[in-house]
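So the chains spell out like this:
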2 protein chains.
Amino acid sequence: MSDRNKNSNDDSIMKKPMTRRDVLRLAGTGGLGLLLGGGAIGGLFTAENNRKTEAAQAPAAEDHIPFYGKHQAGIITPAQNFICFAAFDVTGSGSHSLQKLFRTWTAAAAAMAEGKQVGEESNNHNLPPVDTGESVGLNPSRLTITFGAGTSLFDDRFGLSSKRPPSFKELPAFNGEQLEPQWCGGDIGVQVCADDMQVAFHAVRNLARMARGTAVLRWVQEGFQRSAQADPSGGTPRNLLGFKDGTGNPAVTSGQDMDKVVWAQGSDGAAWMGGGSYMAVRRIRMRIEIWDRSSLKDQEDTFGRYRASGAPLGSKNEFDPVDLNAKDEKGNPHIPADSHVALARGDGSLQMLRRSYSYSGGIDLKTGQLDAGLLFISYQRDLIRQFVAMQQKLAKSDRLNEYILHVGSAVFACFPGASKGGYIGDTLF
Amino acid sequence: MSDRNKNSNDDSIMKKPMTRRDVLRLAGTGGLGLLLGGGAIGGLFTAENNRKTEAAQAPAAEDHIPFYGKHQAGIITPAQNFICFAAFDVTGSGSHSLQKLFRTWTAAAAAMAEGKQVGEESNNHNLPPVDTGESVGLNPSRLTITFGAGTSLFDDRFGLSSKRPPSFKELPAFNGEQLEPQWCGGDIGVQVCADDMQVAFHAVRNLARMARGTAVLRWVQEGFQRSAQADPSGGTPRNLLGFKDGTGNPAVTSGQDMDKVVWAQGSDGAAWMGGGSYMAVRRIRMRIEIWDRSSLKDQEDTFGRYRASGAPLGSKNEFDPVDLNAKDEKGNPHIPADSHVALARGDGSLQMLRRSYSYSGGIDLKTGQLDAGLLFISYQRDLIRQFVAMQQKLAKSDRLNEYILHVGSAVFACFPGASKGGYIGDTLF
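Residues numbered from 1 in each chain as written. Chains lettered and ligands numbered in written order. Predicted model: local features only at pLDDT ≥ 70, side-chain atom pairs only at ≥ 80, totals over all residues. Heavy atoms only, no water.

An unreviewed UniProt entry annotates chain A as Deferrochelatase originating from Paenibacillus dokdonensis. Chain A has a UniProt comment under Catalytic activity (unreviewed entry) that states "heme b + 2 H(+) = protoporphyrin IX + Fe(2+)". Recorded in UniProt for chain A, the comment headed Function (unreviewed entry) runs: "Involved in the recovery of exogenous heme iron. Extracts iron from heme while preserving the protoporphyrin ring intact." (UniProt positions renumbered as here; feature names shortened; annotations may be inferred.)

Printed below as a string of structure tokens:
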């Protein structure tokens, strides 16, 4: 019960929520029937043998990523298998209801991160259930919920216009993008990641439900990566173009690097964002069918890496340094100057932390082609100096542009983490 | 095993349901491998033991479900975590190119089931790669690929009209459905399931690529279930309405039951379908927001089961028999006559094997509500006597209709399995 005790001083809406683990244990002792109305619940776990009950009692540590902390979880957290990204628009005005929403969301998010339901069910069956129930019995699955404010939250509706960080504004138009309004913007962005899709969906659905009357969903995009079970080597995952994606990410283990690249500092111009991070999200459609007709050489020249190994062209191993001056026996550069890696790497001064997922959304009704690609997400200390500078370079010259199309875009100022007793966004309001 | 024994004399639609407990025991004794094809299934549950790392280092056998066999895999195979369902339309005419396509698909599907790429890459880098590459390094993830012929394949384009099984025709219109053409039909249906979404996507994408010039994608729907990692208890998964779904499925371990319920017999009117099965697919949108506002009592009366335990109303345990005559102290039936379980169970004579997945497809642009629900899939020996009879009853009276909407529909005659040297569909052509 230590999880519960930790929360006992917490002003959250859900006091002493029961973990799924607790439920199992109570079921074992007969206590659950007492609490939740008899056999109706008691039977939930009767199909389980003791071995499994034991296992269920100890999934804890590795499956649970703490919600509270200096920074929000889900940023430097190693990527989970799934994402369910939700952008919301606030329907009311004034900051009071907004603060209340963030308080409610904070308590619910902290509970879900521990594998608990979003609140305690009453004994009154004539009320709707507090939690929608589809994650009952599932472990926390490394759930993280990361909240950010869109640029529109700093207009005049909530009295926040003076709080907008100087470098946080709408992105400029980029060469070649074809943005569709239904995949753009949002007053609030919520990145939900988990190792189980049902757990991620459950979180978005319950956050949306709690927001009723205050905010509505603007867009939702699900995404996936190959799972750790499918790839026990734990190597860099491949994107849907078949290439490893994320090789050049900075090491999240270096606090110094993260302070330089990812975490906004209080001295950067908005004190309330100290310990937060700016997120860029781009829905990048891949022209799968065109890519699949191009030669392996074209594909490798496009990325500047070998498909099989992920090594830079002319090198042997994935993590070999990218040497843009290396030449083949004819004196031609191994890595084309307009390849993705050449442009993205540049002189090495532009860095960001990428945390992208693949998406597959059936077929495009207009063309009959697969609507699949990358839900690109990056975190950085400064959007203009990092993401915008990089994307302007890529949009202008990247060979990859022939095969991709940016159709969605949003930026969010992701708050610093909350401590117990506080709530996400409390430094802003 | 008391749960099962209680049910053994019960004429309910679920005879001898197999819990994972049963499966575990069978696996432990080697019984399951014997029943269901050897090591392929025997290792299904290794992730449930405490030696996860060991299991991960030796993924081979347990992750591989053989493609060739008397029946196609993916029908009585225990459900994997993900689905990527693809319906194709054939663009040419004449049966020659169609046969060639099935030969090509068979070889590719058998290779992918073993975790191999769809073909050997050449040394000529000026050719497009044979395989699109995004599953390189991933294990087979229990991939199954199940092929079926739509009713339209038996029109006059391919000389197959005389081969149409007598009971295999377009579904009649059902009360309340609002079918959208983009989610309906298809000359060929391909159910791809795997424990890794990237593996499933890879299969659909490569099958579509191979079909170029012969067939094009008509619709694609991805889906998920809670993963075994998230729910080590292995209980019946919950649908997005928060209720357990699949409790009443027949036991796939009973060859006799499967012959009665699932497998078409050569004597049923189409000899080429002997050992095959008829699939019904329905894309069922859930009215999530309306459901979430209804009381727990309404929800439980709608399903006729308790949400927490899955037990029939008035009973204690999930697998307790459904007694439609049981009454409460006031003499009212515990289970409403128009509840989902009451109608679905009926007199127990209507059975089918359900193999459904949840889907989440962002939001509906028209309403701003979540576009989420169930990709219902069932297999049966006879569509009219089983699926149609059941669905007519449900469409007319099911209390659940208030909360769901059928928007997609298709039926496919899934071929018998192929043996090595043969190909899927070879009994038809």
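Now that the structure is up, let's keep going.
A. Up close: the confidence of the model for chain A. Residue and element names in this part refer to chain A. For chain A, per-residue confidence averages 87 on the pLDDT scale, and 86% of positions sit at 70 or higher. Across residues 1-60, confidence stays below pLDDT 50; counting only partners more than four residues off in sequence or on other chains, it has 104 contacts. Both scores are available for the predicted complex, with the pTM at 0.87 and the ipTM at 0.86. (pLDDT = per-residue confidence, 0-100. Contact = heavy atoms within 4.5 Å.)

B. Up close: the pairing of strand β9 (residues 404-414) of chain B. Residues and elements named next belong to chain B. Here β9 lies mainly inside the structure; 11 of its 11 residues are buried. Direction of pairing for strand β2 (residues 144-150) relative to β9: antiparallel, over a ladder of three bridges. Residue pairing for β9: glycine 150 is matched across the bridge by phenylalanine 412. Pairing of strand β5 (residues 277-286) with β9, which is carried by 10 bridges, proceeds in the antiparallel orientation. Among the inter-strand pairings, arginine 282 is bridged to a residue of β9, identified as serine 409. (Buried < 20%, exposed > 50% of the residue type's maximum accessible area, 1.4 Å probe, protein only. Helix = DSSP H or I, 4+ residues; strand = E, 2+ residues; numbered from the N terminus. Pairing = 2+ DSSP bridges.)

C. Spatial organisation of the interface of chain A and chain B. Counting residues at the interface gives 74 residues for chain A and 77 residues for chain B. In total, about 6400 Å² of surface goes out of reach between chain A and chain B, with carbon and sulfur atoms giving 57% of it. For the pair chain A and chain B, the interface holds 32 residue pairs in polar contact (both at pLDDT 80 or more). If you list the elements that add at least two residues to the side of chain A that touches chain B, you get α4 (39-42), α8 (197-210), β4 (215-224), α10 (288-291), α11 (296-303), β7 (357-363) and β8 (370-380) of chain A. Top contributing element to the side of chain A that touches chain B by residue count: β4 of chain A, with six residues. (Buried area = accessible area lost by both parts, 1.4 Å probe. Polar contact = N/O pair within 3.5 Å; in protein donor to acceptor, adjacent residues only side chain to side chain.)

D. Representation of the pattern of salt bridges within the structure. Residue and element names in this part refer to chain A. For the structure shown, the criterion picks out 38 salt bridges over all chains. Residues arginine 283 and aspartate 371 are paired through a salt bridge, measuring 3.3 Å at the closest nitrogen-oxygen approach. Here aspartate 371 lies in strand β8 and arginine 283 lies in strand β5 (residues 277-286), a separation of 88 residues in the sequence. Look at aspartate 371 and you get buried, because its relative accessible area is 14%. (Salt bridge = Lys/Arg side-chain N within 4 Å of Asp/Glu carboxyl O.)

E. How the structure looks around the UniProt feature "domain: Dyp-type peroxidase N-terminal" (unreviewed entry) in chain A. Summarizing the sequence annotation, UniProt attributes the feature "domain: Dyp-type peroxidase N-terminal" (unreviewed entry) to residues 72-225 of chain A in the numbering used throughout. Structurally, residues 72-225 of chain A is divided into 21% helix and 21% strand, and its ends, taken at the C-alpha atoms, are 21 Å apart.

F. Region of interest: the UniProt feature "domain: Dyp-type peroxidase C-terminal" (unreviewed entry) in chain A. As recorded in UniProt, the sites labelled "domain: Dyp-type peroxidase C-terminal" (unreviewed entry) are residues 236-417 of chain A. The span residues 236-417 of chain A is 22% helix and 23% strand, and its two end C-alpha atoms sit 28 Å from each other.

G. Expanded view of the relation of the copies chain A and chain B. With an axial shift of 0.0 Å and an RMSD of 0.1 Å, the rotation relating chain A to chain B amounts to 180 degrees. Both chain copies can therefore be described as sitting about a two-fold axis. Residues of chain A ranked by C-alpha distance from the rotation axis are headed by glycine 361 of chain A, positioned 3.5 Å from it. (Least-squares fit on C-alpha atoms with pLDDT ≥ 70 in both.)

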